[in-house]
Amino acid sequence: MLKKGLLLATGLFCMLGSAPLMEASSDLQRLVEQTAEGGVLTLSSAAPYEGNVIIDKPMTLRGEEGTVIRGDGTGNVITITAPGVRLEGLHITHSSFSRNSEEEYAAVKVMSDGNLLENLTITDSYHGIYLSGAHHNQISQTTIKGKGDQEIAGQGNGIHVYYSNHNVFQGNTISHMRDGMFFDYSNDSQVEDNRVSHNRYGLHYMYSDRNVLVGNEFSFNVGGATLMHSKSIRLENNRFTLHQGTRSFGAMVQACDDSEIIHNEFFYNQRALYIDQSQRNRIIGNKLINNQVGIELWASSAGQIFSENHFERNTAPVLMIGGQGNNHWSEHGKGNRWGNDYPMMDLNQDGIGDLPVQYSSTLYQLIQENELVYLFLNSPAVRIYELLGRFSQKQMVMVDDPHPLMSSGQSLPLGWVTLGVVVIFIIWRRKRKEVER
Amino acid sequence: MIYIWKEFKEQSRGKGLWLSFIMLGIVSLFLLLQVQSYPVEQGFTVFLISLYEMMVLLLPLLCLFIGSFSIWQEKEQRTHLILLAKRESYRGFLFKKSLAIQVVMMGMMTLWLFVLALPMKFLFSFDVTSFLAFWTATLVLSVIFSQMGIFWGSVAANRMQIVGLNLFTWFFFLFVIDLVTLFYLPAVNYENIKLFSFLYFLNPIHALQIFLETSIGLFPINHMSRLMERLIWLPPILFMLFNLVFWTMALFEGAVRKGRKGNYP
């Protein structure tokens, strides 16, 4: 009797407990429909709301801290078809992952103009945010996290932009997706201050022109930024770090013309900058430090201008693959800084080396022939291989910089060194005295 | 236990071990100062990788010398006679001696790395898994090259021979193998990549590098070319374990069979 009573009480308790959830779940679409055009619907964080939801009028959907909208796994969780919608402070999760459907699904699909998506968290979804024919939208301060370790096709992109122009993407954090941000036939967008890591490509432009990429940070992707079949891109003040697979790169410029790559930092990448089939790009004032290959430049590229770039401690600063192209290693009498490996004289003190810098290498031939060579680029044997190459007549001139810039003097942290030496000396003296006693 | 305590006392009285660790310490601190200019999130990985690159250059040489001279000292000072008074076989003696050297080296390395972990914790975004992978890779490197040193200490006839053999081993594993491979690399293709893989990963430096880089998420193995997939046909941890077992056992057995036993039973 007592057992039955307890079971009944437990059952009732569970029913009561789940009641608000059911109500919230079934109500979300109705709540949206009940909100007046231009109105604000604030969702509580008490229970998860169940998608999927279609928003077809201008309105604001705002969540308290911890508000979750969970899709039913059959489509997009939120679909925006009207312009002027604002989504703020929501955790959106569980879109469909189906690849047999007519469309690719996302946590948020935007099909209209002038929307604002801000402070969202997106998980467990095929694409994070999908813009389809949607212009003048802003997506900011949003975190998108994928499942990561799947086959490439099994995971969508963090932000997928398709035939959508004049959009702004600012301050987002994207990780473990196929591509962090993918642009397809989408022009004139602004990508600012985003942090993109652990994806296949951090950013991927295809047939997308006049986009601006400023102040972003790419790390631990297979490739940082991939610019393909696009024109007039501006890549400025971005940081590309730790892209280290054999096919990895900080930024890849392929079939991409008339672009500007200026003041970016490339640290610890397999290749900092990979340029192929591209014409007339300006690569100015970038820092390329501790990479295996600074710039891998294929002969199909011509007319690039390299000026005021700073190369330091790269295994090979520049490799020309497939032959020499017609590229320029200085602009307006200013070449590049080649680091401490290339000692230079500047007798007239104008900041420009008195003699041209010429860098020759044998590695280009190996790289042309076999991908596996990238496994050896951090081996100390590579330096000996290059030295031996001088005698075997296989070396080819990779760079001829007529106006190399003098490196600014870098000093050792002398204060710390002195302190260390003094401490060691004092300990040694004390030990000596103890032994003498 | 007696062997371990004896080894520790001998090593700590000699200057070799302390000089080695002072050297590692100074270089590590320099790296730490240099890496501070990186962002906090990536600085940790950059520091681990830089530190490991430094370890690969220095640690094998230090382990070779410490291992070989520790054995040589037993032979030279004839302290083995006391140790073998209890009817110890040469195999047993060498096993206990190897174990003692390994424990002392691993203990010292662990102590140093965990001391170094403190500034890492404060300066960078510390990741325990990555640090443990680094610690494992460093210890395995130390074990393999210490055992190599023990082998050379056993087979060498005099001090000069030990110095020469140690330097050659270091040069061979760090330079010669890679240099020869670079010259033959164009001949490697999809058909013979398995054989190449076996030879490539038989070098503990290569196996440990891949283990470390994949463990800390630096080398992605989920988006590789078909050629690379065939090269890395086992999980990197297995390449590392294979190296650990193969080299320590082969070198130990080699030292037992080829070692100059002198008056040992």
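Structure: above.
Residues numbered from 1 in each chain as written. Chains lettered and ligands numbered in written order. Predicted model: local features only at pLDDT ≥ 70, side-chain atom pairs only at ≥ 80, totals over all residues. Heavy atoms only, no water.

Undergrad: Sorry, what's going on with the overall build of chain B here?
TA: Within chain B one finds 11 helices and zero strands. Sequence-ordered secondary structure for chain B, helices as α and strands as β, is α-α-α-α-α-α-α-α-α-α-α. Against the globule reference of 18 Å for 265 residues, chain B gives a C-alpha radius of gyration of 20 Å, in line with a compact fold. Expressed along its principal axes, the backbone C-alpha trace of chain B runs to roughly 60 × 50 × 30 Å. Within chain B, contacts between residues separated by at least 24 positions form 82% of all contacts whose residues are at least 6 apart in sequence. For chain B, the distance from the average position of its 20 positive side-chain charges to the average position of its 13 negative side-chain charges is 14 Å. (Helix = DSSP H or I, 4+ residues; strand = E, 2+ residues; numbered from the N terminus. Rg over C-alpha atoms; globule rule 2.2 N^0.38 Å. Contact = heavy atoms within 4.5 Å. Lys, Arg positive; Asp, Glu negative; His and termini not counted. Charge placed at Lys NZ, Arg CZ, Asp CG, Glu CD.)

Undergrad: Sorry, what's going on with the pattern of salt bridges here?
TA: One side chain can pair with another of opposite charge once the charged atoms of both are near each other. Residue and element names in this part refer to chain A. Tallied over the entire structure, the rule returns 17 salt bridges over all chains. Note that R239 and E217 form a salt bridge whose closest N and O atoms lie 3.8 Å from each other. Taken together, the positions of R239 in strand β26 (residues 239-241) and E217 in strand β23 (residues 217-219) put the pair 22 residues apart, joining distant regions of the chain. Look at R239 and you get partly exposed, because its relative accessible area is 22%. By relative accessible area, which is 15% here, E217 ends up buried. The partner of E265 in a salt bridge is R239, with the nearest N and O atoms 3.0 Å apart. Highlighted residues: E265 in strand β29 (residues 265-267) and R239 in strand β26, separated in sequence by 26 residues. Taking the relative accessible area as the measure of exposure, E265 reaches 22% and is therefore partly exposed. Ionic contacts of the salt-bridge type, sharing partners, join the residues R62, R86 and E88 into one network. (Salt bridge = Lys/Arg side-chain N within 4 Å of Asp/Glu carboxyl O. Buried < 20%, exposed > 50% of the residue type's maximum accessible area, 1.4 Å probe, protein only.)

Undergrad: How should the environment of A:Q138 be read in this particular structure?
TA: Residue and element names in this part refer to chain A. Along the polypeptide, Q138 turns up in strand β13 (residues 138-140). On the basis of relative accessible area, Q138 is assigned to the partly exposed category, the value being 29%. Separated by 23 residues in the primary sequence, Q138 and N115 have C-alpha atoms spaced 6.3 Å apart. Leaving out residues up to four positions away in the same chain, Q138 has contacts with N115, L116, L117, V168 and Q170.

Undergrad: Where do I start with the interface of chain A and chain B in this structure?
TA: By a widely used convention, the size of an interface equals the accessible area lost when the partners come together. Across the boundary between the two partners, chain A contributes 40 residues, which contact 44 residues of chain B. Both faces combined, the contact of chain A with chain B buries some 3600 Å², and carbon together with sulfur accounts for 71% of it. Put simply, chain A and chain B have zero salt bridges between them. Here chain A is connected to chain B by eight residue pairs in polar contact (both at pLDDT 80 or more). For the side of chain A that touches chain B, the secondary-structure elements that each account for two or more residues are β23, β26, α2 (363-369), α3 (381-391) and α4 (414-436) of chain A. A total of five residues in the side of chain A that touches chain B trace back to one element, the largest contributor, which is α3(A). (Buried area = accessible area lost by both parts, 1.4 Å probe. Polar contact = N/O pair within 3.5 Å; in protein donor to acceptor, adjacent residues only side chain to side chain.)

Undergrad: For this particular structure, what's the right way to read the layout of surface pockets?
TA: Any empty space left between atoms is shown by rolling a water-sized probe over those atoms. Reported here for the second largest pocket is a volume of approximately 1400 Å³. Elements represented by at least two residues in the lining of the second largest pocket include exactly α4 of chain A together with α1 (2-13), α2 (16-35) and α5 (90-123) of chain B. The dominant element in the lining of the second largest pocket, judged by the number of residues it contributes, is α4(A), at 12 residues. Of the residues contributing to the lining of the second largest pocket, the split by class is 23 nonpolar, five polar and four charged. (1 Å grid on protein atoms, 1.4 Å probe; cavity = no way out; pocket = protein on both sides within 12 Å on 5 of 7 lines; lining within 4 Å. Points joined across faces, edges and corners; volume = space filled by probe spheres on them. Nonpolar A, V, L, I, M, F, W, Y, C, P; charged D, E, K, R; others polar.)

Undergrad: Explanation requested: the sheet that holds strand β24 (residues 223-228) of chain A in the structure shown.
TA: Strand pairs in the sheet, formed through backbone hydrogen bonds, run parallel or antiparallel to each other. Residue and element names in this part refer to chain A. Taking strand neighbours across the sheet as the criterion, the 12 strands line up as β3-β6-β9-β12-β15-β18-β21-β24-β27-β30-β33-β36 in an open arrangement whose pairing is parallel. The strands lining the two open edges of the sheet, one partner per strand, are β3 (53-55) and β36 (316-321). Here the average twist between neighbouring strands, direction ignored, is 10°. Two strands pair when backbone bridges link them, and strand β9 (residues 106-110) and strand β12 (residues 127-132) are joined in this way by four bridges, in the parallel orientation. (Pairing = 2+ DSSP bridges. Axes fitted to C-alpha atoms, helices over the stretch in contact; angles between N-to-C directions.)

Undergrad: Mind showing me how you'd approach the pairing of strand β27 (residues 249-254) of chain A here?
TA: Residue and element names in this part refer to chain A. Most of β27 is tucked away: six of the six residues are buried. In terms of strand pairing, β24 meets β27 through five bridges, oriented parallel. Following the sheet pairing, M228 is matched in β27 by Q254. The sheet contact formed by β27 and strand β30 (residues 271-276) spans four bridges and is parallel. Counted as the bridge partner of Q254 is D276 from β30.

Undergrad: Would you take a moment to explain the packing of aromatic side chains for this structure?
TA: Geometrically, a pair of aromatic rings is defined through the distance of the ring centres and the angle of the planes. Taken as a whole, this structure holds 41 aromatic pairs over all chains when the rule is applied. Centroid distance A:Y201 to A:F249: 5.8 Å. Interplanar angle 40°. Geometry classified as tilted. Pair noted here: A:Y201 is in strand β21 (residues 201-206) and A:F249 is in strand β27, with a separation of 48 residues, a long-range link. Across the pair, A:F249 and A:Y201 agree in class, each one buried. By the ring-pair criterion, three or more aromatic residues cluster together here, those being B:F145, B:F168, B:F172, B:F173, B:F198, B:F242, B:F246 and B:W247. Lying over the aromatic face of A:Y130, A:K109 brings its terminal NZ or CZ to 4.3 Å of the ring centre. One cation-aromatic arrangement involves A:K147 over A:F97; the distance from NZ or CZ to the ring centre is 4.5 Å. (Phe/Tyr/Trp six-rings, centres within 6.5 Å; stacked < 30°, edge-to-face > 60°. Lys NZ or Arg CZ within 6 Å of the ring centre and 35° of its normal.)

Undergrad: Whenever I open this one, a nonpolar patch on the surface confuses me. Can you help?
TA: On the surface, a cluster of nonpolar side chains totalling about 520 Å² of accessible area is made up of A:I424, B:W18, B:L19, B:I22, B:I26 and B:F30. Inspection of the secondary structure assignment puts A:I424 in helix α4. (Patch = residues over 30% accessible without salt bridge, like charges linked within 9 Å, V, L, I, M, F, W, Y side chains within 5 Å. Areas by Shrake-Rupley, 256 points an atom, 1.4 Å probe, with all protein chains shown as cover.)

Any functional reading would require information beyond the geometric quantities listed.
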